[in-house]
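Architecture at a glance
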Amino acid sequence: MDPLTIGIGSLAVVTVLILLGFHIGVALAATSFGGLYLIGGMRWSVPVATLGNTAYNAVADYVFAIIPLFVLMGLLAMASGATRELFEAAKAALGRIRGGVGIATVMANAVFAAVTGVSVASAAVFSRLAVPEMNRLNYDHRLSLGIVGASALLGMLIPPSVLMIIYALLTDQSIGALFAAGVIPGLLVAGALSLAIWGMVSFNPALGGIGVPSRENEENSGEPERSKAGKVLSPWPIYFLIAVVLGGIYGGAFPPTEAGAIGAIGAFFIYVVRGRFSLREFTRLLLETGRVTASIFFLFITASLYSRMLAVSGLPAATADWVVELDLPAIAVVIAFIIVILIMGCFIDSVSILLLTMPIMVPVIQTLGYDLVWFGIVAIVAVEIGMLTPPFGMVLFVMKASLPYKVDITEIIMGVLPFIGVLMATLALLVAFPWLTLVLPRLLF
């Protein structure tokens with residue numbers, strides 16, 4: 001059996017193993033071992049030696065320290081109570097607008113995303129925070145669920161984002177450039193979701209509460225302006241932390257890894273000053289940081305082993321040559337890749353999608369002459385939309401598990417469907433106009 005055939009067969013094997021319920025890392029490791037064993041002339045020394053080199057080289061780079069640092073920063077910020085303050089601040093600022101609390105949820109999620117960088121964390125937190133508040137204001141239940149689900153995707157799109165870091169490390173791109181590239185798309189998605197909420201509530205006021213606009217407006221108009229301003233400014237330590245971390249990266253004051261360290265120290269300081277510190281809770285946060293980091297590193301090692309097996313088989317290069325020979329429009333290939341990512345998002349998590357697809361897709365994208373930073377943002381948006389799509393979109397199940405009351409999964413799905421259309425339209429804009437993604441990284445880097 002020639003190496004190329006083995007490489008093609010490995011794609012089928014790893015897909016079947018994942019569908020059978022194997023952990024993605026185990027599936028990648030088993031497939032890679034088997035592929036290298038066959039390519040190396042059925043000698044176990046080949047996959048064993050490759051694993052030894054890969055396990056060290058895959059995560060030995062200094063830049064990998066950024067992952068636990070940003071994860072810890074997000075966990076500490078959540079533990080300090082910043083999330084509720086951000087939501088109350090956004091609600092005070094936007095409460096008078098039709099659908100204001102829904103739009104406030106999107107805006108609070110956008111700021112929260114600049115601290116945590118994880119969509120499932122946003123989905124879990126705002127399911128408990130924003131959905132009960134919108135229910136209290138008599139929002140349509142499905143609309144409130146859809147708002148939280150759709151805005152949770154900002155967690156991976158607005159920098160600093162764990163998914164951007166992983167893509168940058170996988171493709172040898174600048175983390176700072178990826179962060180800069182995500183700013184305008186992230187704001188575009190937040191703006192599109194906010195406009196959709198405003199439009200839906202304006203067209204059908206009952207969606208925003210019985211008696212809209214009076215219900216929301218009466219609640220907010222009775223509050224003194226000075227009190228509202230105080231609520232808007234109350235999360236200033238978080239605003240300052242985000243400005244220091246991102247401003248330092250974009251301004252060239254320090255690289256992303258050091259920014260992660262500064263962010264973690266700043267979040268710890270906020271956590272302590274606000275009187276939330278306890279040794280038991282802090283230990284739990286450190287253990288949670290270690291658990292998240294270990295799971296990501298395990299996937300990195302197995303994905304690197306898988307990438308090496310594919311490289312030895314010659315499949316990525318053969319795929320690039322085959323796509324060029326097809327003489328299809330380059331944009332058609334990009335759209336086909338996006339469709340594959342969207343379909344995979346229905347079944348597996350976002351990190352795994354990148355680890356599985358990028359070894360094949362990146363050589364093709366490079367051959368077609370596209371910018372890898374632009375493709376990274378497009379791929380991340382597609383991955384995040386996939387996390388909302390049934391039957392197994394991860395955000396849907398995180399919300400179901402996190403809500404303070406029982407809800408049928410079909411209600412969440414019906415709630416997010418209109419927003420999937422909005423997100424798809426935004427993705428189409430990013431594909432059609434690459435400058436939206438590339439203008440900031442080219443300016444800053």
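The structure contained in this document is the topic of the report that follows. Nothing here was measured: the structure is a model prediction, and the numbers come from that model.

Each pair of packed helices can be summarised by the angle the axes make with each other and by the distance between the axes. Two numbers describe how helix α3 (residues 45–57) lies on helix α16 (residues 279–313): the axes approach to 9 Å, and their chain directions differ by 130°. Considering their axes alone, α3 and α16 lie oblique with respect to each other. In this structure, α3 meets α16 at a crossing whose hand is right-handed. Contacts between α3 and α16 pair Thr50, Leu51, Asn53, Thr54, Ala55 and Asn57 from the former with Ile301, Ser304, Leu305 and Arg308 from the latter. Tallied by class, residues from the contact of α3 with α16 come to four nonpolar, five polar and one charged.

Bringing α16 into the picture now. The terminal C-alpha atoms of α16, which comprises 35 residues, lie 51 Å apart, in line with the 51 Å expected from a rise of 1.5 Å per residue. A positive phi of about 85° marks glycine 314, the residue just after α16.

Mapped onto the secondary structure, threonine 426 falls in helix α22 (residues 409–432). Here threonine 426 is in contact with Leu188, Val189 and Ala192, once residues within four sequence places are set aside.

Within the element layout of this structure, threonine 319 appears in helix α17 (residues 315–326). Overall, threonine 319 belongs to the buried group, its relative accessible area being 16%. In this structure, threonine 319 is in contact with Ile360 and Val364, ignoring residues within four places of it in sequence.

How each quantity is defined
Each chain carries its own residue numbering, running from 1 in the direction its sequence is written. At least 70 in pLDDT is required for a residue's local features to be given in this predicted model, at least 80 for side-chain atom pairs to be given and counted, and no such filter applies to totals for whole chains, interfaces and linings, which use all residues. Processing note: side-chain calculations cover all non-hydrogen atoms of the structure and skip hydrogens and water entirely. For helices, the axis comes from a line fit to the C-alpha atoms of the stretch in contact; other axes are also lines fit to C-alpha atoms, and the angle between any two N-to-C directions lies between 0 and 180 degrees. The numbering of helices and of strands both runs from the N terminus, where a helix is a DSSP run of H or I of at least 4 residues and a strand a run of E of at least 2. Under this scheme an angle from 65 to 115 degrees is roughly perpendicular, one under 35 degrees roughly parallel, and one over 145 degrees roughly antiparallel; angles in between are oblique. Each crossing gets its hand from how the near helix is turned against the far one by less than a right angle, where anticlockwise is left-handed and clockwise is right-handed. It only takes one pair of heavy atoms within 4.5 Å for two residues to be counted as in contact. Residue polarity follows a fixed list, in which Ala, Val, Leu, Ile, Met, Phe, Trp, Tyr, Cys and Pro are nonpolar, Asp, Glu, Lys and Arg are charged, and the others, Gly among them, are polar. One less than the residue count of a helix, multiplied by 1.5 Å, gives the span that helix is expected to have. Burial here depends on accessible area, computed with a 1.4 Å probe over protein chains only, as a share of the maximum for the residue type. Under 20% is buried, over 50% is exposed, and the range in between is partly exposed.

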